Amino acid sequence: MLILSFESSCDETAVAVVEDGRRVLADEIFSQVALHEIYGGVVPEIAARSHLEVISLLADRALEKAGVTRRDIDAVACTYAPGLIGAVLVGVNFAKSAALALGVPLIPVHHVRGHIAANYLAYPELEPPFVCLAISGGNTMLVDVRGYTDMSILGQTRDDAAGECFDKSARVLGLGYPGGKPIDDLSKRGDDRAYDLPRPTVNGGSPYDMSFSGLKTAVVNLAHHAEQTGEPLDKPGLAASLCRAVSEMLVGRTMDAAARLGYENIAVAGGVAANSRIRADFEAACQKAGKTLFVPPLRLCGDNAAMIGAQGYYEYLAGHTAGSDLNAYATMEL
Ligand code: KG4
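Residues numbered from 1 in each chain as written. Predicted model: local features only at pLDDT ≥ 70, side-chain atom pairs only at ≥ 80, totals over all residues. Heavy atoms only, no water.

Colleague: What exactly am I supposed to notice about unusual backbone geometry here?
Modeller: The general pattern is negative phi for most residues beyond glycine and trans for most peptide bonds. Here the bond from Ala81 into Pro82 is cis, since omega is -20°, no more than 30 degrees from zero. The residue Asp20 is not glycine, and still its phi comes out positive at about 50°. On the secondary structure map, Asp20 appears in the loop between strand S2 (12–19) and strand S3 (23–31). (Helix = DSSP H or I, 4+ residues; strand = E, 2+ residues; numbered from the N terminus.)

Colleague: Honestly, the packing of aromatic side chains in this entry has me stumped. Any pointers?
Modeller: To describe a pair of aromatic rings, you give the distance between the ring centres and the angle between the ring planes. The final tally for this structure, using the stated rule, is 8 aromatic pairs. Between Tyr148 and Tyr314, the ring centres sit 3.8 Å apart and the planes meet at 5°, which makes this aromatic pair stacked. Here Tyr148 is found in the loop between strand S7 (140–145) and strand S8 (151–156), whereas its partner Tyr314 is found in helix H11 (residues 306–317), with 166 residues between them in sequence. Through successive ring pairs, a cluster of aromatic residues spans Tyr120, Phe130, Tyr148, Tyr313 and Tyr314. (Phe/Tyr/Trp six-rings, centres within 6.5 Å; stacked < 30°, edge-to-face > 60°.)

Colleague: Just to check I follow, could you spell out the sheet that holds S8 for this structure?
Modeller: Pairing between the strands of a sheet comes from backbone hydrogen bonds, and it takes one of two forms, parallel or antiparallel. Read across the sheet, 5 strands follow the order S8-S7-S6-S9-S10 without closing on themselves; strand pairing throughout is mixed. Of all strands in the sheet, those bounded by a partner on one side alone are S8 and strand S10 (292–294). Each strand axis lies, on average, 25° off the axis of its neighbour in the sheet, ignoring direction. Contacts between helix H8 (residues 235–261) and the sheet are confined to strand S6 (130–135), S7, S8 and strand S9 (265–269), with S6 contributing the most and set at about 160° to the helix. (Pairing = 2+ DSSP bridges. Axes fitted to C-alpha atoms, helices over the stretch in contact; angles between N-to-C directions. Contact = heavy atoms within 4.5 Å.)

Colleague: How should I be thinking about the pairing of S6 in this particular structure?
Modeller: Each regular strand displays side chains that alternate between the two surfaces of the sheet. Most of S6 is tucked away: 6 of the 6 residues are buried. The two faces of S6 match: Phe130, Cys132 and Ala134 on one face and Val131, Leu133 and Ile135 on the other face are all buried. Here S6 runs beside S7; their pairing, made up of 6 bridges, is antiparallel. The partner of Val131 across the bridge, within S7, is Asp144. Once S6 ends, the chain turns through 4 residues before running back antiparallel as S7. (Buried < 20%, exposed > 50% of the residue type's maximum accessible area, 1.4 Å probe, protein only.)

Take a look at the structure:
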């Protein structure tokens, strides 16, 4: 089954062609980073307009690269939530029109389910059940993936996402946007014990819930203090201490959840899964616990449409299709 899939929830416009949920025939991505960089973050209106400008071109290019024609497409899938509402709307409306014009089913896909499914593309042998830590610029969730479309949140951030914590910390350190990669790169030259950063815990709710805003504020305060007093700031040390703190907050909870559920497999997904400290700590923890770790290659960690085509396939098999009244949503339960 060939699915033409669309992703436009934030600052990447992406179109892919995926066969049977596992094989990527084309995976086109247009990154808007250069458009937002000057503002230090994503400007929603600019994001929406840019999606509109390139989505049609990317769709044609994806079909061409896949070596298929419009008539070969069996279904159309799109991210319909969560995300920047104006941005998601562009992908949803384009996908609706494409499905109508081609006379094929329309499959709505939750963006975080898509991130989780990136692992199916990278690892053909991976099947549920497994625990997945989904960490990106807008979401941080620990998910019990019981089946391809049967999943529930074990814990999540109560405030900022892990990616937001990296991005805001990078901004105050003058490292540009998006800040996760520059912090990761800088951390490699630093001592991860240079700064004693907090690892906030949250009261009540799930033991797997997390909080990153206090950690972000601690980094901002250290940077402001250094600026005001003229004291030197060890930026590589601060970057390394931050990566260590974020990693410790994520890895411990994920390992505990897998042990409690008795799952053999642990997956990580989303843009922050590109972080080298988090990847290394997961590898060490899984080796120690005798668990199998799945982390997608860097290209599949960030936003892409191939992951939407992968999850779209399983949503279709579960009968989850939509009509042309499908709406876009800024927030949505997993
Ligand atoms: O999944 P993604 O492309 O978009 C969302 O769905 O949000 O994730 C983007 C996030 C940004 O916050 C970015 O700074 C972060 O992923 N990121 C990283 C790294 N590469 C990207 N964070 C930490 N270390 C990295 N190497």
